Amino acid sequence: MFLYNVSVIAEETIHHEIVSWIEDNIVQSQKFRVHFLEMLQSPHEGMTYCIQVVLPSEEHITDFQQVHLIPLQQLISESYKDKVFLFDSTMKYLKK
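These figures come from a predicted structure and were not determined experimentally.

*Asks:* How would you explain the overall build of the protein chain if you had to name every residue and give the values?
*Replies:* When you go through the protein chain residue by residue, the secondary structure sums to 2 helices and 4 strands. Each helix and strand of the protein chain, placed in order from N terminus to C terminus, yields the pattern β-α-β-β-α-β. In summary, the protein chain has a C-alpha radius of gyration of 13 Å against a globular reference of 12 Å for 96 residues, a match within 12%. Over its C-alpha atoms, taken along the principal directions, the protein chain stretches across nearly 40 × 25 × 20 Å. Counting over 96 residues, the protein chain shows a buried share of 36%. For the protein chain, the proportion of contacts with a sequence separation of at least 24, taken over those separated by at least 6, is 70%. Total accessible area on the protein chain is roughly 6400 Å²; 51% of this is exposed by carbon and sulfur atoms.

Pasting the structure below:
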């Protein structure tokens, strides 16, 4: 089992727009069980959010990326360049 995390750092002036898009297009996914969190006491300027999903395999991670991460990256590059940054990480559970 894997925990796939996407951290999204948004300027305060536009973070509501990003949150709405994530809620409408990722959190409401019927295909994946998504957790959406706000990071408290973030070391970054702006607002930091985390999109997390538990997936059984690396193939499922690739599927999630194709369905959700790529459209989010496209939105950011087209509408929020230099105002929103994201990075992802994959973690493997050590025990069941």
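The structure having been displayed, the exposition proceeds.
*Asks:* Help me get a handle on the side chain of Asn-5, residues and values and all.
*Replies:* As for its placement among the helices and strands, Asn-5 is situated in strand S1 (residues 2-10). In terms of polar contacts, Asn-5 uses its side chain to reach the side chain of Ser-7, at 3.0 Å. Residues contacting Asn-5, with those up to four places away along its chain left out, are Cys-50, Ile-51, Gln-52, Phe-87, Asp-88, Ser-89 and Met-91.

*Asks:* Any chance you could break down the sheet that holds strand S2 (residues 34-38) for me, citing the residues and the numbers?
*Replies:* Spatially, 4 strands are ordered S2-S3-S1-S4 in an open sheet, and the strand pairing comes out antiparallel. The sheet is open, and its two borders are formed by S2 and strand S4 (84-92), each paired with just one other strand. The mean angle between the axes of side-by-side strands here comes to 20 degrees, regardless of whether they run parallel or antiparallel. Both S1 and strand S3 (residues 47-55) contribute to a ladder of 9 bridges, which runs antiparallel. Note on S3: the bridge partner recorded for Ile-9 is Thr-48.

Each value, and the rule that gives it
Residues numbered from 1 in each chain as written. Predicted model: local features only at pLDDT ≥ 70, side-chain atom pairs only at ≥ 80, totals over all residues. Heavy atoms only, no water. Helix = DSSP H or I, 4+ residues; strand = E, 2+ residues; numbered from the N terminus. Rg over C-alpha atoms; globule rule 2.2 N^0.38 Å. Buried < 20%, exposed > 50% of the residue type's maximum accessible area, 1.4 Å probe, protein only. Contact = heavy atoms within 4.5 Å. Areas by Shrake-Rupley, 256 points an atom, 1.4 Å probe, with all protein chains shown as cover. Polar contact = N/O pair within 3.5 Å; in protein donor to acceptor, adjacent residues only side chain to side chain. Pairing = 2+ DSSP bridges. Axes fitted to C-alpha atoms, helices over the stretch in contact; angles between N-to-C directions.

Take it as geometry only, folks, not as evidence of what the structure does.
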